[in-house]
Amino acid sequence: MELNKKKYLAVAMLSIFFVGETYAAGLERSPQQIDALFENGTYAEVGYTHILPNVQGKDSSGNKVSDMAGDFQSLNYAVKTDLTSNLRLAVIYDEPFGAKVKFEGDNNFIATDRPAEDANTRVDVQSKNVTALLGYNLNKNVMIYAGPALQEIEAEVHLRGLTYTANSGYNNIFDGIAVGWVTGMSYAKPEKGILASLTYRSEIEHKTSILGDVPLADRLGMDYSHSNKGSITTPESVNLNLQTGLNQTTALYAKVRYVPWSKFAYYPPVLKAATETALGKGLPLVDYSDDQTSVEIGLGKRLTPNLAISVSGLWDSGAGDPAPTLGPVNGYWGAGLAAKYNINKKLAFSIGGRYMWFGDAKGSTSDGRIVGDFKDNTGYIVGMKLSYSSQKKK
């Protein structure tokens, strides 16, 4: 019985906090975890997250920029089943990338020559991702897994105000669907509460039609179509998860994620051509200078047979300072608290929260100009998850 308790604790601690998403470097809103694959028996979950960042500062003229980072919500689902004694299947849905930005007030991100309903710089990026994974047990401890990932990205970008000089009035809209792949391996030793996994996700290139208005091209007298073929590539990533049982009721875990955001750059074709004509070098709409590393270290404790809690510390390196104006923060430090309650032998409810202290960042445009200064910002996340688990009797 003691071994079974340790095994149960390991599974509980693995998934207890990930009822929610994150507000991390670049466009990342989810750590793209695959925890459902490691559950025993038949498993299903549905989760909801509400993210509330507060990012404010000043523009390059010293005008106040009130909170420009909008709240947003996300959903995640997962199902997992054993096909044979050595083969399992998991299907996981999440929303890994996103941005919600709207500048308001009297500052350089607001146009004075446009109607009020179209005067604000604003950005809305949404994504949907479905991953299907097959896991095969090489032996009682080691599993390898792989599968495809279907991803949709939708975005609207509207740049307004003195910040964007001759390109104030720029619009960009796209919607793309593409496929990538995921692979990894894990090591488990349930009698010690040990579980380790290493997961790689490929980059995904979206080739799609891009709708756009480019005022700079208009001023240069360029003859261009407002609908052009283009592409955007979401970055590859590596996740390392480690966990060990300290005793029958306590587990220690660590999660490390790496994303090479410095390789990410989005070049709408007309914008690239116009900036190359004007400046001698084609510029992207958005790019990042550094790669991202994020770390979470936590401790889980089973208080009663039906209740477990976890506390965690978090750190994210950010993707560089200066940062693009669609997300002018440079990483964060954070703290998390979560609880999981077993309603009965099959159903469990989890709830958790995170508080984040964002790193100060200068806001910049892709031509390198510093256009804002954003300091002393914070945010928090609340999430919940309902899960179902059924194991065959041995």
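These remarks concern the structure in this document. Treat the numbers as computed from the prediction; the structure is a model and nothing was measured. (Residues numbered from 1 in each chain as written. Predicted model: local features only at pLDDT ≥ 70, side-chain atom pairs only at ≥ 80, totals over all residues. Heavy atoms only, no water.)

Next up on the list: the sheet that holds strand E23 (residues 370–374). The pairing of strands in a sheet comes from backbone hydrogen bonds and takes either a parallel or an antiparallel form. Pairing is mixed across the open sheet formed by 5 strands, whose spatial order is E3-E2-E23-E22-E19. If you trace the sheet from one side to the other, it starts and ends with strand E3 (64–65) and strand E19 (323–324), each paired once. (Pairing = 2+ DSSP bridges. Helix = DSSP H or I, 4+ residues; strand = E, 2+ residues; numbered from the N terminus.)

Our focus in this paragraph is the environment of Asn-139. Take Asn-139: it is sitting in the loop between strand E7 (122–137) and strand E8 (142–159). Sequence spacing of Asn-139 and Met-356 is 217 residues, and the spatial spacing of their C-alpha atoms is 41 Å. A polar side-chain atom of Asn-139 sits 2.8 Å from the main-chain amide nitrogen of Asn-141. A polar contact of 2.8 Å, which involves the side chain of Asn-139, links it to the backbone nitrogen of Val-142. (Polar contact = N/O pair within 3.5 Å; in protein donor to acceptor, adjacent residues only side chain to side chain.)

Judged by side-chain polarity, Val-46, Tyr-48, Leu-75, Tyr-77, Tyr-341, Ile-343, Leu-347, Phe-349, Ile-351, Met-384, Leu-386 and Tyr-388 come together as a nonpolar surface patch covering roughly 980 Å² of accessible area. Assignment of secondary structure puts Leu-75 in strand E4 (residues 72–82). (Patch = residues over 30% accessible without salt bridge, like charges linked within 9 Å, V, L, I, M, F, W, Y side chains within 5 Å. Areas by Shrake-Rupley, 256 points an atom, 1.4 Å probe, with all protein chains shown as cover. Salt bridge = Lys/Arg side-chain N within 4 Å of Asp/Glu carboxyl O.)

Enumeration over the complete set of coordinates arrives at 11 salt bridges. Residue Lys-385 is joined to Glu-45 by a salt bridge in which the shortest nitrogen-to-oxygen separation is 3.5 Å. Placement of Lys-385 in strand E24 (residues 378–390) and of Glu-45 in strand E1 (residues 42–54) is noted, with a sequence separation of 340 residues between them. Taken individually, Lys-385 and Glu-45 each receive the classification buried, so the pair is uniform in this respect. For Glu-296, the salt bridge goes to Arg-354, with nearest N and O atoms at 3.0 Å. (Buried < 20%, exposed > 50% of the residue type's maximum accessible area, 1.4 Å probe, protein only.)

Here we come to unusual backbone geometry. Each neighbour pair has its own omega, and for Asp-321 with Pro-322 the value is 10 degrees, a cis peptide bond. With respect to the helices and strands, the residue Pro-322 is situated in the loop between strand E18 (307–316) and E19. With a phi close to 55 degrees, Gln-32 is a non-glycine residue in the positive phi region. Along the chain, the position of Gln-32 falls in the loop between helix H1 (2–15) and E1. The phi dihedral of Asp-376 is positive, around 55 degrees, even though this residue is not glycine. With respect to the secondary-structure elements, Asp-376 resides in the loop between E23 and E24.

Now for the environment of Asp-367. Tracing the sequence through the fold places Asp-367 in the loop between strand E22 (361–364) and E23. Owing to a relative accessible area of 38%, Asp-367 belongs among the partly exposed residues under this scheme. For the pair Asp-367 and Pro-284, spaced 83 residues apart in the sequence, the C-alpha separation amounts to 8.6 Å. Within the local environment of Asp-367, its side chain forms a polar contact with the side chain of Thr-365, the two groups lying 2.4 Å apart. Here the side chain of Asp-367 touches Arg-369 through a polar contact of 2.9 Å, side chain to side chain.

It is worth spelling out the side chain of Asn-342 at this point. Relative to the helices and strands, Asn-342 is located in strand E20 (residues 332–342). When its relative accessible area of 11% is taken as the criterion, Asn-342 is described as buried. Of note is the side chain of Asn-342, whose polar atom sits 3.5 Å from the backbone oxygen of Pro-305.

In this fold, Asn-108 is placed in the loop between strand E6 (99–102) and E7. Other than its neighbours up to four places away in sequence, Asn-108 contacts Asp-59, Ser-60, Ser-61, Asn-63, Arg-160, Gly-161, Leu-162 and Thr-163. (Contact = heavy atoms within 4.5 Å.)

As a further point, take a negative patch on the surface. A grouping of Asp-124, Glu-154, Glu-156 and Asp-175 is seen on the molecular surface, where their side chains present a negatively charged patch. Considering the arrangement of structural elements, one finds Asp-124 in strand E7. Residue classification places Asp-124 among the partly exposed residues on the basis of a relative accessible area of 31%. (Lys, Arg positive; Asp, Glu negative; His and termini not counted. Charge placed at Lys NZ, Arg CZ, Asp CG, Glu CD.)

Structurally, Ile-297 is set in strand E17 (residues 292–304). Spatially, the C-alpha atoms of Ile-297 and Gly-353 are 15 Å apart, while their sequence positions differ by 56 residues.

A few words on the pairing of E18. The side chains of a regular strand alternate between the sheet's two faces. Burial along E18 is one-sided: Ala-308, Ser-310, Ser-312, Leu-314 and Asp-316 are buried, and none of Leu-307, Ile-309, Val-311, Gly-313 and Trp-315, which face the opposite way, are. Pairing geometry for E17 and E18, over 10 bridges, is antiparallel. Within the sheet, the bridge partner assigned to Glu-296 lies in E18 and is Leu-314. In textbook terms, the turn of a hairpin is the stretch between consecutive antiparallel strands, and for E17 and E18 this stretch comprises 2 residues. Two elements, E18 and E20, share 10 bridges in a ladder whose sense is antiparallel. Looking at E20, one finds that Ile-309 is bridged to Ala-339.

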